[in-house]
Amino acid sequence: AGARRIAFDVDFSAKSSPDEDARLAAALRRAGRKVILPVFTQKASQAAQQGRFVAAEPLAPFRAYARLAVLNVFPSSDGLVRDLYRSGEIAGARYPSLSAALADVADDAGSGFAIDFGIDPATVPRLSFVDVLQGRFDPNVVAGKEIVVGSTAAELGDYFAVPARVTIPGPLLHILGYESLVQGRALQRLGPLPVLLLVALLVLILRMAFEKRSFRVGLYTAIGTCIALFVGPVLIQKYFPIQIDTVPLVLVVGLMPVAAMVNRVDRQSVS
């Protein structure tokens, strides 16, 4: 139907029947390397596990006619998936991630990026696999587009917990990564040094507000600063692909009134 690229979020590392495998290999050959197949690591089988991970890659007849891309996703410590990588290493070989392969971006040594979850998954058109298989779809929906084939049914278990959206299916996660890259919305976090400088600046401003003015003025300044810390990063992220970690800044704002109160009590005790 004229798709520009077709990426599969489907494991092709196991054999089917010889006839079916030959048909798929022939279809891949006809596609002229427009197809992206996944490679990934997974835990070894229960019998041979012993904490080992093994590489899963498409069968050799499929690899000969397709591009390969890494499918692994790594949640943060709280279990939420926030980041993807531009590339990854599997069994000593480096491959682009599925999102990077679709977007056709440079490897960039496997650097990561934060997904922009402000991109609404509902804006991604979907086609039923059965409708495509039986030809019941408009080819214009597919022509010239990047297509991802994968499962979205909850019972198949390919779901990830993400910020703001609760859970989304694996194919949509990679699509949001792709959209983040092609839209220039691959978010980069503000580094620790700029955050440290902002913390020092906040301490200086709030200290002056509490020491040079009344406690009420200092408290109003802290409340206004706290509001700015919630609104400002949202506006910055809206117009620039920058993500600011506000937790240290909000902690400073919350602790400064307490520190100012303790300091005033100490001064009164001395006097």
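Details of the structure are given in the entry above.
Summarised in this report is the structure supplied together with it. (Residues numbered from 1 in each chain as written. Predicted model: local features only at pLDDT ≥ 70, side-chain atom pairs only at ≥ 80, totals over all residues. Heavy atoms only, no water.)

Regarding the overall build of the protein chain
Next up, step 1: When you go through the protein chain residue by residue, the secondary structure sums to eight helices and 13 strands.
Next up, step 2: For 271 residues, the compact-globule estimate of 2.2 N^0.38 gives 18 Å, and the protein chain exceeds it by more than 25% at 25 Å.
Next up, step 3: Principal axes of the C-alpha set define a box for the protein chain whose edges measure 95 × 50 × 35 Å.
Next up, step 4: In the protein chain, which comprises 271 residues, the share counted as buried stands at 34%.
Next up, step 5: Contacts in the protein chain between residues far apart in sequence, at least 24 positions, make up 72% of those at least 6 positions apart.
Next up, step 6: Within the structure as shown, the protein chain displays about 16,000 Å² of accessible surface, and the carbon and sulfur contribution to it stands at 60%.
Next up, step 7: Across the protein chain, the 28 positively charged side chains and the 23 negatively charged ones have centroids separated by 6 Å. (Helix = DSSP H or I, 4+ residues; strand = E, 2+ residues; numbered from the N terminus. Rg over C-alpha atoms; globule rule 2.2 N^0.38 Å. Buried < 20%, exposed > 50% of the residue type's maximum accessible area, 1.4 Å probe, protein only. Contact = heavy atoms within 4.5 Å. Areas by Shrake-Rupley, 256 points an atom, 1.4 Å probe, with all protein chains shown as cover. Lys, Arg positive; Asp, Glu negative; His and termini not counted. Charge placed at Lys NZ, Arg CZ, Asp CG, Glu CD.)

As for the pattern of salt bridges
Next up, step 1: The tally for this structure, following the rule as stated, stands at 11 salt bridges.
Next up, step 2: For Asp78, the salt bridge identified is with Arg82, shortest N-O distance 2.8 Å.
Next up, step 3: Judged by relative accessible area, which is 25%, Arg82 ranks as partly exposed.
Next up, step 4: Residue Glu89 is joined to Arg94 by a salt bridge in which the shortest nitrogen-to-oxygen separation is 3.9 Å.
Next up, step 5: When its relative accessible area of 41% is taken as the criterion, Arg94 is described as partly exposed. (Salt bridge = Lys/Arg side-chain N within 4 Å of Asp/Glu carboxyl O.)

Considering the packing of helix H6 (residues 192–212) against helix H7 (residues 215–239)
Angle between the axes and distance between the axes: these two values describe a pair of packed helices.
Next up, step 1: Running from N to C, H6 and H7 cross one another at 150 degrees; their axes reach a closest spacing of 7 Å. One way to sum up the angle between H6 and H7 is to call them roughly antiparallel. Here H6 contributes Leu202, Leu206, Ala209 and Phe210 to the contact with H7, which in turn contributes Phe215, Gly218, Leu219, Thr221, Ala222, Thr225 and Leu229.
Next up, step 2: Among the residues forming the contact of H6 with H7, the class breakdown is eight nonpolar, three polar and no charged. (Axes fitted to C-alpha atoms, helices over the stretch in contact; angles between N-to-C directions. Parallel < 35°, antiparallel > 145°, perpendicular 65-115°, else oblique. Nonpolar A, V, L, I, M, F, W, Y, C, P; charged D, E, K, R; others polar.)

Considering helix H1 (residues 18–31)
Next up, step 1: Between its first and last C-alpha atoms H1 spans 20 Å; for 14 residues at 1.5 Å apiece the expected length is 20 Å, and the two agree.
Next up, step 2: Asp21, Ala25, Ala26 and Leu28 are the residues of H1 that are buried. Viewed along the axis of H1, the buried residues span an arc of 160 degrees, placing them on a single side of the element. Away from the buried face of H1 by more than 90 degrees, exposed residues Asp19, Arg23 and Arg30 are located.
Next up, step 3: The elements touched by buried residues of H1 are strand S2 (35–43) and helix H2 (60–63).
Next up, step 4: Looking one or two residues beyond H1, the residue adopting positive phi is Gly32, at roughly 65 degrees. (Expected span 1.5 Å × (residues − 1). Arc of directions from axis to C-beta.)

Some points on the side chain of Asp158
Next up, step 1: By the secondary structure assignment, Asp158 is in the loop between strand S9 (146–149) and strand S10 (159–162).
Next up, step 2: In this structure Asp158 is buried but unpaired, with Arg126 as the nearest side chain of opposite charge at 11 Å.
Next up, step 3: The contacts of Asp158, once residues within four sequence positions are left out, are Asp9, Ser151, Ile168, Pro169, Gly170 and Pro171.

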